[in-house]
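Here are the chains, one letter per residue:
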Amino acid sequence: MTGQAVTSAEKAATTLSIGKALNNGLRRAMEDDPKVLIMGEDVGKLGGVFRITDGLQKDFGEDRVIDTPLAESGIVGTAIGLALRGYRPVCEIQFDGFVYPAYDQIVSQVAKFHYRSRGQVRLPIVIRIPFGGGIGAVEHHSESPEAYFSHTAGLKVVSCANPNDAYWMIQQAIASDDPIIFMEPKRRYWEKGQVDTDGEPYPLHSARVLRPGTDATVVAYGPMVRVALDAAAAAVEDGRELEVIDLRSLSPLDLGPVYDSVRRTGRLVVVHEAPSNLGLGSEVAARVTEKCFYSLEAPVLRVTGFNVPYPAARLEEEYLPDLDRVLDAVDRSFGW
Amino acid sequence: MASVVSDTDLDLLLLIRAFEEALLDLFASGEVSGTTHTCLGQEYVPVALEPMLRDDFVLGNHRSHGHYLARFGDPAPLLAEILGRAGAPCAGVGGSQHILRDGFVTTGVQGQGVAVATGMALHYQRTGQRRIAAAYIGDGTWGEGVVYEALNMAQLWQLPLLVVVENNGIAQSTPTTRQMAGSVASRAAAFGVEYTGLATTDIGDIRRRLGPMIDEIRSAPHPLVVEFDTVRLGPHSKGDDTRDAHQLALARQRDWLGALRAADPERVDAARARQRAHVARVVEAVRERPLSEWRSPDAPA
Ligand SMILES: Cc1ncc(C[n+]2csc(CCOP(=O)(O)OP(=O)(O)O)c2C)c(N)n1
């Protein structure tokens, strides 16, 4: 960790892409804590397929940025052992569809160690997964597996949607003593925005109102936050003010801001890329119905991917929720 | 003594070469989205093996265009699958990495094919069919645990499983020396699985060596691991080669095409021009086709 590395990170720290913000966040976490390690397939010399770990092996050495064999189960299993011995491993899963070989370790060990050890063991592991579609790739490079992990007690699941959150949330996740599945919106890696490297980070497991509005609430996370914001901007033309909330934390869910919002707007649309069937939207809808029943003017509506395997690249535009589908759901909510 | 390559084999080798080169061009010009992995440098492996596997089941991986072309010889359906045009075996839903056609299936998720092949081999053994299930994998894929679960079962149950290892010395950006402890040979030995390593690119030689072994696993079923010491001439997928100029030059020196040209330049160049023209015509024709269509029989009307 050279002095040069620090300055280069700081110099760039105004407008950054999500990918670069993650890279800088990882760098800072490694500087702050020598126990932070990165491991994964091609994360070293190549800097990962999306270059999120670019330059880190060069600056922190091969002992801290470890190129592993193709062995997702082994990567996560090894991370557990390292965590048990005081390290803070950050595992990169190359694409969403390759996390499944590691699923056993994640569900049976990572999620349960703390509980079954009567709270004696903590596993500060971060498992980074670039997720979702929109890059014209095949099915196992485009999936949204977040519900599998959110369903599993003992795991925390978060997703960043803008560069500032990318920068801070990855550091907060690494600093957390609990295992965190860190879902990265891969199609948004190249999107730029302001990063405030000196400011106070927003709490990790908190939802955040990104745009205030009075007429309907739109909840999204990860790659769909951009779509929700665009929809809100477009809705102004129809004379509607949409309130957009970024969930940020998928487990635990922080629905306080959503309840507050729905009590004012009476309408809620939840947006995600994953299929609707037993997705995050189902849980949000159920809880909002329980808490805000008398405030609701219409049922909670979901705008999601369809209940099919992720389609071929040419069809993904049909599959992925877009601005029109969000606005259509808002219309349907008003038509109720 | 190097054997003389037959016209059929030469054409097939150069068909695969021309196909992969054309595909990289199509990607460069933005006509194909997503990703693709070409088998440049490794074409001879399936060309040598295919005649010995005609009635068998072949399971490919992410880098299987050559495996497909060696088996079926016709590039149009494969290109249609990749471009999502009419005439694609899986209507473009499978794409470059998930191809299904008679006795042939691929998956882009590393390692899984070996276990699936094991199941097929179990069927062949139980039904006494004298057929085998052959799975192609790379050296890097030996990192996946499922490979060992499958090898154990195949040996335990004496299944006619052929694991074809294309060891091109690298997995994406990670050299084999940085991701594999021991060797493929010693790993096979750990399970008591028969193993053969081949450094040659000579198709006649490969067939002479493997023919009897493959016959044998047909008649007295058991697994066999064959490891080819080969080279990847192109990038892992597109434009993502981390090797330096020297390493790439070394790889190119080992190109089978160089050896064949040295022996008979005129014949090889003529075949090369022929196959390039053939592939160019296929590209033109498939490009003009309508987009592929597929409606699941289960879909509501
Ligand atoms: C389970 C799984 N993890 C990661 C990947 C991503 N990936 C695709 S190809 C590849 C390298 C494969 O190396 P190797 O087996 O040596 O085959 P080669 O690419 O050299 O033909 C990786 C890491 C994958 N396809 N499947």
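Worth saying up front: this structure is predicted, and the values here are computed from it rather than measured. (Residues numbered from 1 in each chain as written. Chains lettered and ligands numbered in written order. Predicted model: local features only at pLDDT ≥ 70, side-chain atom pairs only at ≥ 80, totals over all residues.)

(A) Looking closely at the overall build of chain A. Broken down by element type, chain A carries 13 helices and 14 strands. At 20 Å, chain A has a C-alpha radius of gyration in line with the 20 Å of a compact globule built from 336 residues. Counting only residues that meet the buried cut, chain A has 55% of its 336 residues in that class. Sequence-distant contacts, at least 24 apart, represent 79% of the contacts inside chain A between residues at least 6 apart. (Helix = DSSP H or I, 4+ residues; strand = E, 2+ residues; numbered from the N terminus. Rg over C-alpha atoms; globule rule 2.2 N^0.38 Å. Buried ≥ 20, exposed ≤ 12 C-beta atoms within 10 Å, placed from the backbone. Contact = placed C-beta atoms within 7 Å.)

(B) Examining the packing of helix 5 (residues 112-126) of chain B against helix 6 (residues 145-156) of chain B more closely. All names here are of chain B. The interhelical angle for the contact between helix 5 and helix 6, taken along N-to-C directions, is 20°, at an axis separation of 7 Å. In terms of their interaxial angle, helix 5 and helix 6 are classed as roughly parallel. In terms of crossing hand, the pair formed by helix 5 and helix 6 is left-handed. Facing helix 5, whose interface residues are Gln112, Val114, Ala115, Thr118 and Ala121, helix 6 presents Val146, Val147, Glu149, Ala150, Met153 and Ala154. Split by residue class, the contact of helix 5 with helix 6 holds 8 nonpolar, 2 polar and 1 charged. (Axes fitted to C-alpha atoms, helices over the stretch in contact; angles between N-to-C directions. Parallel < 35°, antiparallel > 145°, perpendicular 65-115°, else oblique. Left-handed = near helix turned anticlockwise from the far one by under 90°. Nonpolar A, V, L, I, M, F, W, Y, C, P; charged D, E, K, R; others polar.)

(C) Structural detail: the packing of helix 4 (residues 72-84) of chain A against helix 5 (residues 103-110) of chain A. All names here are of chain A. Their axes nearest at 8 Å, the elements helix 4 and helix 5 cross at an angle of 25°. Considering their axes alone, helix 4 and helix 5 lie roughly parallel with respect to each other. The segment helix 4 lies against helix 5, with Ser73, Val76, Gly77 and Ile80 engaging Asp104, Gln105, Ile106, Gln109 and Val110.

(D) Summary view of the UniProt feature "domain: Transketolase-like pyrimidine-binding" (unreviewed entry) in chain A. According to UniProt, the "domain: Transketolase-like pyrimidine-binding" (unreviewed entry) feature falls on residues 16-191 of chain A. Its end C-alpha atoms 8 Å apart, residues 16-191 of chain A is made of 36% helix and 18% strand. (UniProt positions renumbered as here; feature names shortened; annotations may be inferred.)

(E) Layout of unusual backbone geometry. Residues and elements named next belong to chain A. The peptide bond linking Ser251 to Pro252 adopts the cis configuration, its omega dihedral lying at 0°. With respect to the helices and strands, Pro252 occurs in the loop between strand 12 (249-251) and helix 10 (256-265). The phi dihedral of Arg51 falls on the positive side, at around 60°, and the residue is not glycine. Looking at the secondary structure, you find Arg51 in the loop between strand 2 (36-40) and helix 3 (56-60). Owing to 15 C-beta atoms within 10 Å, Arg51 belongs among the partly exposed residues under this scheme. In this structure, Leu278 takes a positive phi of about 60° despite not being glycine. Taking the C-beta count within 10 Å as the criterion, Leu278 has 13 such neighbours and is therefore assigned partly exposed.

(F) Main features of the interface of chain B and chain A. Between chain B and chain A, the residue contacts involve 24 residues of the former and 20 residues of the latter. Grouping the amino acids of the side of chain B that touches chain A by side-chain chemistry returns 4 nonpolar, 18 polar and 2 charged.

(G) Focus on the site of the ligand. What surrounds the ligand is a group of 23 residues, the closest being Gln110(B), Gly138(B), Gly140(B), Thr141(B) and Ala171(B). Residues close to the ligand are split across chains A and B. Within the residue set of the shell around the ligand, elements represented by two or more residues are strand 4 (133-138) and strand 6 (170-171) of chain B. Broken down by class, the residue content of the shell around the ligand amounts to 7 nonpolar, 10 polar and 6 charged. (Near = placed C-beta within 6 Å.)

(H) How the structure looks around the UniProt feature "domain: Dehydrogenase E1 component" (unreviewed entry) in chain B. The UniProt record annotates "domain: Dehydrogenase E1 component" (unreviewed entry) at residues 15-242 of chain B. For residues 15-242 of chain B, helix accounts for 39% and strand for 16%, while the C-alpha atoms at its two ends are 27 Å apart.

(I) Expanded view of helix 8 (residues 203-219) of chain B. All names here are of chain B. Over its 17 residues, helix 8 runs 24 Å from end to end, which matches the ideal 24 Å to within 8%, given 1.5 Å per residue. The largest bend in helix 8 amounts to roughly 35° and is located at Leu210, with the proline Pro212 lying one to four residues further along. Taken residue by residue, helix 8 has Ile203, Ile206, Ile214 and Ile217 as its buried positions. The inward-facing, buried residues of helix 8 abut helix 1 (7-28), helix 2 (44-49), strand 5 (161-167), strand 8 (194-198) and strand 9 (224-229). (Expected span 1.5 Å × (residues − 1). Bend = angle between axes of the 7 residues up to and from the residue.)

(J) Inspection of the sheet that holds strand 4 (residues 88-92) of chain A at higher detail. All names here are of chain A. The 7 strands are arranged 3-2-4-5-7-6-12 in an open sheet whose pairing can be described as mixed. Here the strands that pair on one side only, and so sit at the sheet edges, are strand 3 (65-67) and strand 12. Mean inter-strand twist for the sheet, computed between neighbouring axes without regard to direction, equals 20°. Relative to strand 5 (residues 126-131), strand 4 is paired through 3 bridges, and the arrangement is parallel. Bridge assignment links Glu92 to a residue of strand 5, and that residue is Arg128. (Pairing = 2+ DSSP bridges.)

(K) Quick look at the nonpolar core. Residues Val218(A), Ala228(A), Val269(A) and Val326(A) are the most contacted members of the largest nonpolar core, which totals 103 residues. Ranked by residue count, the leading element in this core is helix 9 (residues 224-235) of chain A, at 8 residues. For this core, the domains that each give at least three residues are domain 1 (3-194) and domain 2 (208-335) of chain A. Ala228(A) has contacts with Val218(A), Ala220(A), Val244(A), Val271(A) and Val326(A), leaving out every residue within four places of it along the chain. Counting 77 residues, the second-largest nonpolar core is a separate cluster that includes Val5(B), Leu23(B), Ile206(B) and Ala271(B). (Core = buried A, V, L, I, M, F, W, Y, C linked by C-beta atoms within 7 Å. Domains from an automatic or database assignment.)

(L) Structural view of the domain arrangement of chain A. Residues and elements named next belong to chain A. By domain assignment, chain A separates into domain 1 (3-194) and domain 2 (208-335). Taking the mean C-alpha position of each, domain 1 and domain 2 sit 26 Å from one another. Contact residues are listed per partner, giving 23 residues for domain 1 and 23 residues for domain 2. Put simply, the parts of the chain that give the side of domain 1 that touches domain 2 at least two residues each are helix 7 (146-150), strand 6 (156-159) and strand 7 (180-185). With 4 residues, strand 6 is the largest single contributor of residues to the side of domain 1 that touches domain 2. Looking at the side of domain 1 that touches domain 2 residue by residue, the classes come out as 8 nonpolar, 8 polar and 7 charged.

(M) Broad picture of the environment of Ala280(B). Here Ala280(B) shows up in helix 11 (residues 265-288). Residues Ala280(B) and Ala18(B), 262 residues apart in the sequence, show an inter-C-alpha distance of 8.6 Å.

(N) Quick look at the sheet that holds strand 13 (residues 268-275) of chain A. All names here are of chain A. As summarised here, the arrangement of the 5 strands in space is 9-11-10-13-14, forming an open sheet in which the pairing is mixed. The open sheet has two edge strands, strand 9 (208-211) and strand 14 (301-305), and neither has a second partner. Recorded for the sheet is a direction-independent mean angle of 25° between the axes of neighbouring strands. The pairing of strand 9 with strand 11 (residues 242-246) spans 3 bridges and is classified as antiparallel. Residue pairing across strands places Val209 opposite Ile245, the latter belonging to strand 11. With respect to the sheet, helix 13 (residues 323-335) is in contact with strand 10 (216-220), strand 11, strand 13 and strand 14, its orientation differing from that of strand 14 by roughly 160°.

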